[in-house]
Amino acid sequence: MESDRILLVEDEHNVAQFIRLELEYEGYSVTTAEDGEQAITFFHENEWNVILLDWMLPKLDGLEVCRRIRKTSDVPIILLTARDYIGDKIAGLDTGADDYITKPFEIEELLARIRAVMRRHKSETKSTGKETYIFEDLVVDSKSRLVKRSEKSIELTQREFDLLVFLLKHQGEVISRDWLLSAVWGYDFVGETNVVDVYIRYLRNKIDRDYDSKLIHTVRGIGYVLRSTQS
């Protein structure tokens, strides 16, 4: 059985060596890149199961590498960085990263996150479910990623779109922040739920702000629900 392939992009040699050895011990096949340009080259040369991407890199930083990869691929990307400010985390996720881990970290946590993003990616790849969702005057085509409300097109980021589709799949259900975090971001554990609140606010600004009928509602102390104002 072929090993899962991981592209590790890390310019600190000692850190890269440590992570590579730990991943290889767990049975992964690991290739390392030392800068952003090399990462893009290696990305195009092979198929990858996961990319571990340092934020601060020579030549091209991690966010730019992530943007370029996302133009052609949905390969799972986990950002590795010492930046712990919530705004930085949101910037990384909004660029297209699937997860974010702050240095220093325990290798067990990194391994758990790798398994989580791989499970989510494989599940999405196998899914052949519903493609078009209609809720009141909101229409979402999951195949073309087009969103309209009252026939007006709405531009969403990848993460905002994934969040909206999950709410549509569970319309009328009260969904906890932890459930949203696990389902949309792929985390296996409770935490970082403020990221969910930020993205709900982004989504509301685009989906609800200009309309009398609000679709996304807060259930205090629990989470969120997609339902009509009249419900």
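Within an unreviewed UniProt entry, the label attached to the chain reads DNA-binding response OmpR family regulator, and the organism entered is Fictibacillus barbaricus.

So, about unusual backbone geometry. Each neighbour pair has its own omega, and for Lys103 with Pro104 the value is -5 degrees, a cis peptide bond. Position of Pro104 among the secondary structure elements: in the loop between β5 (99-102) and α5 (107-126). In this model, Lys59 sits at a positive phi of 75 degrees, which is unusual for a non-glycine residue. With respect to the helices and strands, Lys59 occurs in the loop between β3 (50-54) and α3 (62-70). Exposure remark for Lys59: the relative accessible area of 61% places this residue in the exposed category. Even without a glycine there, the phi angle at Ser150 is positive, about 50 degrees. Assignment of secondary structure puts Ser150 in the loop between β8 (146-149) and β9 (152-153).

A full pass over the atoms with the stated rule returns 16 salt bridges. Put simply, Asp35 and Lys59 hold a salt bridge, and the shortest N to O gap is 3.7 Å. Taken together, the residues span a long stretch of sequence, with Asp35 in the loop between β2 (29-33) and α2 (36-45) and Lys59 in the loop between β3 and α3 at a distance of 24 residues. Arg68 serves as the salt-bridge partner of Glu64, at 2.9 Å between the closest nitrogen and oxygen. Here Arg68 and Glu64 lie together in helix α3, a separation of four residues that amounts to about one turn. The class of Arg68 is partly exposed, set by a relative accessible area of 37%. Put simply, Glu10, Asp54 and Lys103 are held in one network by salt bridges that share partners.

This part covers the UniProt feature "modified residue: 4-aspartylphosphate" (unreviewed entry) in the chain. When the UniProt feature table is mapped onto this chain, "modified residue: 4-aspartylphosphate" (unreviewed entry) is found at Asp54. Looking at the secondary structure, you find Asp54 in strand β3. By relative accessible area, Asp54 is classed as buried at 4%. Sequence-distant contacts of Asp54, defined by excluding residues within four places in its chain, comprise Val9, Glu10, Asp11, Gly62, Leu80, Thr81 and Lys103.

Roughly 170 Å³ of internal volume is contained in the second largest pocket. Those elements that place two or more of their residues in the lining of the second largest pocket are β8 and α6 (158-169). The element best represented in the lining of the second largest pocket is β8, accounting for three residues. Considering only residue class, the lining of the second largest pocket consists of five nonpolar, three polar and three charged.

Formed by 32 residues in total, the largest nonpolar core has its most connected members in Val140, Val147, Leu164 and Leu167. Within the residue set of this core, elements represented by two or more residues are α4 (86-95), β6 (132-135), β7 (138-141), α6, α7 (177-185), α8 (193-207) and β12 (223-226). Contact partners of Leu164, with chain neighbours within four places excluded, come to Leu138, Val140, Val147, Leu156, Leu203 and Ile207.

With that settled, the discussion passes to α2. Among the residues of α2, those classed as buried are Gly36, Ala39, Ile40, Phe42 and Phe43. Buried residues along α2 cover an arc of 170 degrees about the axis, so they all sit on one side. Among the exposed residues of α2, those pointing more than 90 degrees away from its buried face are His44 and Glu45. Where the residues of α2 are buried, they touch β1 (5-9), β2, β3 and α3.

Here is what the cut-offs are and how they apply
Residues numbered from 1 in each chain as written. Predicted model: local features only at pLDDT ≥ 70, side-chain atom pairs only at ≥ 80, totals over all residues. Heavy atoms only, no water. Helix = DSSP H or I, 4+ residues; strand = E, 2+ residues; numbered from the N terminus. Buried < 20%, exposed > 50% of the residue type's maximum accessible area, 1.4 Å probe, protein only. Salt bridge = Lys/Arg side-chain N within 4 Å of Asp/Glu carboxyl O. UniProt positions renumbered as here; feature names shortened; annotations may be inferred. Contact = heavy atoms within 4.5 Å. 1 Å grid on protein atoms, 1.4 Å probe; cavity = no way out; pocket = protein on both sides within 12 Å on 5 of 7 lines; lining within 4 Å. Points joined across faces, edges and corners; volume = space filled by probe spheres on them. Nonpolar A, V, L, I, M, F, W, Y, C, P; charged D, E, K, R; others polar. Core = buried A, V, L, I, M, F, W, Y, C linked by side-chain atoms within 4.5 Å. Arc of directions from axis to C-beta.

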